[in-house]
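Residue-level listing of the chains:
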Amino acid sequence: MNSALQSPSLCKAYEPYFRIGAALSSRLIADPELAEIVCRHFSSITADNQMKPFSVLNLENTLAQGDPCHAAVDFTRVDALLSFARDHGIPVRYHTLAWHNQTPVWFFKEKWENDFSAPFASKEVMLARLENYILDVMSHVNTCFPGVVYTWDVVNEAIEPGQDGPGLYRTRSPWFMSTGQDFLPAAFRAARKGAAPGQTLCYNDYNAFDPIKRDAIIDMLKTLQAEGLVDTMGMQGHYVLQDLNVAACETAARAYAALGLKLQVTELDIHCNSDDAAHATALTEAYRSWFTMMKQLKAEGIDIEAVTFWGVTDADSWLPGFRREPSFPLLISADRKAKPAFEAVLEAARS
Ligand code: G3I
């Protein structure tokens, strides 16, 4: 396998179709070779963690501020990634504004208590905190880094069939517990207010190919569309090699596009727990057929904006930690070589 720096550029190969993106960590942008790999192969970037509420919200300053409806923000980590993007001319998808996970517990509590058992703030207060937070982030980003962010993940993972909520909403989310489902349109209304011209607003979720979850997401998206609040459906794309069902991905992509929305695949990886020859071949063919399907959809006129990998090399992947077993899910190996799967994705662009 060749170094990923010797391979033809992935994003150039897909230029006629859609952007090819990657999620980056702070460690990654500090490594000159990885930064070079990013600049060569990716035409869209996002942050794996640095732009999430837990990276932005600051408890000490919030307490000092003394405003029950307004949390204090600290953009040090956000700015590091946006500076990298601006300096290298790579557009950014901002991940993510409202999420049940990686948002500090104190953000939801009446007196900003860092304590799970403390009472939630009232719905009215939570909706005000949400709007203030979103407007603070968007105003900072659009003022200090104009033109860098092209799309916002406004709400992440609000639907969860396993929790049996009304409309299959994720009921065990602190957002749902404090506001019911109202946080969702409220987040999009705030984002519409804060967005710069041309920026798109995205709803993002995993297992978006699953028919039950897909239909619940579609019902929810229709309510947002009735108010003109959403532009893009983000299908995350965390797949498992043995279970990947390309036909189900295609059916779901067509169903979201039929709503008149743009599409992004926002967090692509295929969990593969061995790098022996048989697994490497299966991974290669999985990526080949998945990208061939996406290219076909684009050729039919479906508005696919970008496909973003969740990581650059296997060394950055969240999967070994999450799955508690080895994982080799991406196109570039931990030692920064372009895998056969990388070549197959290039071939799919050319065929
Ligand atoms: O911040 C703490 C740090 O203080 C501590 O020392 C360290 C020790 O493990 O943990 C750090 O937190 C980790 C955090 O990432 C920040 O690095 C958590 O343990 C770790 O679980 C967390 O994982 C992230 C995960 O979201 C959380 O759900 C992954 O890196 C990130 O890739 C992943 O990304 C999500 C998307 O945002 C949404 N879709 C699913 C996707 C994969 O889970």
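Residues numbered from 1 in each chain as written. Predicted model: local features only at pLDDT ≥ 70, side-chain atom pairs only at ≥ 80, totals over all residues. Heavy atoms only, no water.

- The protein is annotated in an unreviewed UniProt entry as Xylanase from uncultured microorganism.

## Comments concerning the overall build of the protein
- On a plain count of helices and strands, the protein comes out with 14 helices and eleven strands.
- Dimensions of the protein, computed from the C-alpha atoms along their principal axes, are close to 55 × 40 × 40 Å.
- Buried positions account for 57% of the 351 residues belonging to the protein.
- Of all intrachain contacts in the protein linking residues separated by at least 6 positions in sequence, the fraction that spans at least 24 positions is 75%.
- Counting only carbon and sulfur atoms, one obtains 52% of the accessible surface of the protein, whose full area is about 13,900 Å². (Helix = DSSP H or I, 4+ residues; strand = E, 2+ residues; numbered from the N terminus. Buried < 20%, exposed > 50% of the residue type's maximum accessible area, 1.4 Å probe, protein only. Contact = heavy atoms within 4.5 Å. Areas by Shrake-Rupley, 256 points an atom, 1.4 Å probe, with all protein chains shown as cover.)

## Side note on the pairing of strand 2 (residues 44-47)
- The alternating pattern of strand 2 places Ser44 and Thr46 on one face and Ile45 and Ala47 on the opposite face, and all of these are buried.
- Where strand 1 (residues 19-24) meets strand 2, four bridges bridge the pair, whose relative direction is parallel. Its bridge partner lying in strand 2, Ala23 is registered against Thr46. (Pairing = 2+ DSSP bridges.)

## Quick word on the packing of aromatic side chains
- By the definition in use, this model includes 21 aromatic pairs.
- For the ring pair Phe107 and Trp175, a centre distance of 6.0 Å and an interplane angle of 70° mean the geometry is edge-to-face. Placement of the pair is Phe107 in the loop between strand 5 (92-99) and helix 7 (123-144) and Trp175 in helix 8 (residues 174-179), with a sequence separation of 68 residues. Comparing Phe107 with Trp175, the two get one shared label, buried.
- Between Arg19 and the ring centre of Tyr150, over which it is positioned, the NZ or CZ distance is 5.5 Å.
- Positioned over the ring face of Phe120 is Lys109, at 4.3 Å from the centre of the ring. (Phe/Tyr/Trp six-rings, centres within 6.5 Å; stacked < 30°, edge-to-face > 60°. Lys NZ or Arg CZ within 6 Å of the ring centre and 35° of its normal.)

## Here we look at the pairing of strand 8 (residues 232-235)
- Burial along strand 8 is two-sided: the residues Thr232 and Gly234 and Met233 and Met235 are all buried.
- Two strands pair when backbone bridges link them, and strand 7 (residues 200-205) and strand 8 are joined in this way by four bridges, in the parallel orientation. Considered in strand 8, the bridge of Asn204 is made with Gly234.
- As a crossover connection, the stretch from strand 7 through helix 10 (residues 211-225) into strand 8 is right-handed.
- Two strands pair when backbone bridges link them, and strand 8 and strand 10 (residues 262-271) are joined in this way by four bridges, in the parallel orientation. Across the sheet, residue Thr232 finds its bridge partner in strand 10, namely Lys262. (Right-handed = clockwise from strand over helix to strand, strands pointing away.)

## So, the pattern of salt bridges
- As enumerated under the stated definition, the model contains 19 salt bridges in all.
- Among the ionic pairs, Asp205 bridges to Lys213, the shortest N-O distance being 2.9 Å.
- Through salt bridges with shared partners, a single ionic network connects Asp31, Glu33 and Arg336. (Salt bridge = Lys/Arg side-chain N within 4 Å of Asp/Glu carboxyl O.)

## Some words on the packing of helix 7 against helix 9 (residues 183-194)
- Two numbers describe how helix 7 lies on helix 9: the axes approach to 9 Å, and their chain directions differ by 30°. In terms of their interaxial angle, helix 7 and helix 9 are classed as roughly parallel. Two packed elements cross with a definite hand, and for helix 7 against helix 9 that hand is right-handed. Along the contact surface, helix 7 presents Leu127, Leu130, Glu131, Ile134, Leu135, Met138 and Asn142, while helix 9 presents Phe183, Ala186, Ala187, Ala190, Ala191, Lys193 and Gly194.
- Residue classes in the contact of helix 7 with helix 9 are distributed as ten nonpolar, two polar and two charged. (Axes fitted to C-alpha atoms, helices over the stretch in contact; angles between N-to-C directions. Parallel < 35°, antiparallel > 145°, perpendicular 65-115°, else oblique. Left-handed = near helix turned anticlockwise from the far one by under 90°. Nonpolar A, V, L, I, M, F, W, Y, C, P; charged D, E, K, R; others polar.)

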